[in-house]
Amino acid sequence: MRHRPTRLIAAALAAIMLPAAVTAQTLHERIAALVEGKQARVGVAWIADGLSGTYDNDSTYPLMSVFKTHGAVAALRRMQRAGTPTDTLIRVEAAEMHKDTYSPLLKMHPDGAFTIRLDSLLHYSVALSDNNACDVIIRLADGIAAVSREMRAIGLTDFALTETEATMHACPMRSYNNRSTPLSVASLFRKIYEDGILTGGYAALLRRTLEATATGPDKMAAALSPGMTLAHKTGTGATLDDGTMIADNDAGTVILPDGRRIYAAVLIKDSKLGPRENARLIREITKTIINFGI
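The rules behind the values
- Residues numbered from 1 in each chain as written.
- Predicted model: local features only at pLDDT ≥ 70, side-chain atom pairs only at ≥ 80, totals over all residues.
- Heavy atoms only, no water.
- Helix = DSSP H or I, 4+ residues; strand = E, 2+ residues; numbered from the N terminus.
- Rg over C-alpha atoms; globule rule 2.2 N^0.38 Å.
- Buried < 20%, exposed > 50% of the residue type's maximum accessible area, 1.4 Å probe, protein only.
- Contact = heavy atoms within 4.5 Å.
- Core = buried A, V, L, I, M, F, W, Y, C linked by side-chain atoms within 4.5 Å.
- Phe/Tyr/Trp six-rings, centres within 6.5 Å; stacked < 30°, edge-to-face > 60°.
- Lys NZ or Arg CZ within 6 Å of the ring centre and 35° of its normal.
- Expected span 1.5 Å × (residues − 1).
- Pairing = 2+ DSSP bridges.
- Polar contact = N/O pair within 3.5 Å; in protein donor to acceptor, adjacent residues only side chain to side chain.
- Axes fitted to C-alpha atoms, helices over the stretch in contact; angles between N-to-C directions.

Visitor: I would appreciate a short explanation of the overall build of the protein in the present structure.
Guide: Counting its regular elements, the protein contains 10 helices and 10 strands. Compactness check: the protein gives a C-alpha radius of gyration of 20 Å against a globular reference of 19 Å for 294 residues, within 12% of the reference. On the principal axes, the C-alpha backbone points of the protein span a range of 80 × 50 × 35 Å. Residues counted as buried form 50% of the 294 residues belonging to the protein. Once local pairs closer than 6 in sequence are excluded, the contacts in the protein between residues at least 24 apart make up 68%.

Below is the structure:
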C-alpha cells in the first residue's frame, strides 16, 4: 500500500504527458503525408510551449538567404557590445555594390559609394533580402567566420557558415556549404525572442525587421489566420541545368493572437517541384504546425 501513491503519481504524470506525445507523433505523420512522393528533400522543425519536434532533421539543408538572419544577429551583437547606436551611419563602398545580383539597394544607389543608417541597411538585408546589403552586414560582423563563431557563442549547433552572397553567386554549388538542420534554424528564432542574445533597441530592431519581411508572401505568411503575425526569413536557391532547385526555405516565429509563439522552419532542398509547388508545400506544412499549436 505504501507504493500506491507513487504509482498514482506516475500514472497521473503519464496521462499529462501523453497528449503532447501523441500530438507530436500525429503532427509528424501529417507532415510525412504532405511530403510523401514529392521530388524533393524536406526538413521541418517546430518549437512551441517548451516542446519541440522535427521531420527529417538528420540531414542539413542549404540555408540560402535564411543565413541573413544569422549575419544580422552577429552584426548586432558586435555593435551591442561596442555600444554602437542602431541609427549609426554606415559607409558602403562602390566595390561592395555588385551589379549582377539581387539588390534593391543598388537601384537606390546605382553609382555605388554612399552612407546608410544601420537600421535601414538591416531592413534591406533581411526584410528585402538584398544580397549586397547582406554582405555589408557580414563585413560589419567582421566576416563570415566571425558570424559562425558568434552563432557558436550563443549556443547554436548543427550548422555551417563559410560563404557570403558574393561567393555563392560566383559559384551556386557553394550554396550547399551554408547549411543547417531545421531544428537549429528554429532554435535561432527562439533565441532571438527568449534567450536575450540581443537586448533593448538591438532586439527590437531585429524583431521589427523580421516582421517586415516582404519576400515569400505565398509561403509561411499565407498560412496565417487573422490575428496572427509572422517574423521570418525566406531563402531561395538557384535552379540547376537539370531543373533541380538547390533550396527553397522559410523559417520564423508565428505569434498567435494570445501572444504565444511557435518557432518553425521548413527547409526544402534538391527540389524538382518548381517554386509554386515548393511554396504550397511550405504553406501547408506551416498551417499544419499552427493548427497543432493552437
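This is not the end of the story, as more comes after the structure.
Visitor: Please clarify how the nonpolar core should be interpreted in this entry.
Guide: One recurring pattern in soluble globular proteins: nonpolar side chains tend to sit buried together. One finds Leu121, Met151, Ile192 and Leu206 to be the most contacted residues of the largest nonpolar core, which totals 58 residues. Core analysis: the next-biggest nonpolar cluster, separate from the first, contains 24 residues, Leu27, Trp46, Ala48 and Ala264 among them.

Visitor: Sorry, what's going on with the packing of aromatic side chains here?
Guide: Centre-to-centre distance and the angle between the planes together describe a pair of aromatic rings. Tallied over the entire structure, the rule returns one aromatic pair. An angle of 50 degrees between the planes, with centres 6.3 Å apart, marks the rings of Tyr193 and Tyr263 as tilted. Placement of the pair is Tyr193 in helix H8 (residues 182–194) and Tyr263 in strand S10 (residues 261–271), with a sequence separation of 70 residues. In this structure, Arg152 packs its charged tip against the face of Phe159, placed 4.1 Å from the ring centre.

Visitor: Is there a simple way to explain the side chain of Thr164 in this structure?
Guide: Mapped onto the secondary structure, Thr164 falls in the loop between strand S6 (159–160) and helix H7 (165–170). You can call Thr164 buried: its relative accessible area is 17%. Not counting chain neighbours up to four residues away, the residues in contact with Thr164 comprise Phe67, Asp135, Ile138 and Ile144.

Visitor: Can you walk me through H8 in this structure?
Guide: Each α-helix winds once per 3.6 residues, and so residues spaced three or four apart point in a common direction. Between its terminal C-alpha atoms H8 stretches 18 Å, which fits the 18 Å expected from 13 residues at 1.5 Å a residue. Counting buried residues along H8, 10 of its 13 residues qualify, which places the element largely inside the surrounding structure. Within two residues after H8, Gly196 carries a phi angle of roughly 70 degrees, on the positive side.

Visitor: Help me out: how do you make sense of the sheet that holds strand S7 (residues 179–180) in this one?
Guide: Note: strands within a sheet are paired through backbone hydrogen bonds, in either parallel or antiparallel orientation. In spatial order, the strands read S3-S7-S6; together these three strands make up an open sheet with antiparallel pairing. In this open sheet, the two strands that pair with only one neighbour each are strand S3 (61–62) and S6. One ladder, built from two bridges, connects S3 with S7; its direction is antiparallel. In the strand pairing of S7, Pro62 is matched with Arg179.

Visitor: Can you walk me through the environment of Thr215 in this structure?
Guide: One can find Thr215 in the loop between helix H9 (200–211) and strand S8 (229–236). Judged by relative accessible area, which is 22%, Thr215 ranks as partly exposed. With 97 residues separating them along the chain, Thr215 and Leu118 place their C-alpha atoms 20 Å apart. Not counting chain neighbours up to four residues away, the residues in contact with Thr215 comprise Ala127, Leu128, Ser129, His232, Lys233 and Thr234. Here Thr234 takes part through its side chain, which lies 2.6 Å from a polar atom of the side chain of Thr215.

Visitor: Would you explain the environment of Gly71 in this entry?
Guide: Among the secondary structure elements, Gly71 is positioned in helix H2 (residues 67–82). Given the relative accessible area of 5%, Gly71 is considered buried. Along the primary structure Gly71 and Leu140 are separated by 69 residues, whereas in three dimensions their C-alpha atoms are 9.1 Å apart. Excluding its chain neighbours within four sequence positions, the residues that come into contact with Gly71 are Ile137, Ala141 and Val147.

Visitor: Looking at this structure, how should I read the sheet that holds strand S1 (residues 41–48)?
Guide: If you walk across this open sheet you meet the five strands as S2-S1-S10-S9-S8, and the pairing is antiparallel. Edge strands, defined here as strands with exactly one partner in the open sheet, are strand S2 (51–55) and S8. If you compare each strand with its neighbour and ignore which way they point, the axes differ by 5 degrees on average. The strands touched by H8 are S1, S2, S8, strand S9 (245–255) and S10; relative to S10, the strand with the most contacts, the crossing angle is about 150 degrees.

Note that every value here comes from positions in space, so none of it alone points to a role or purpose.
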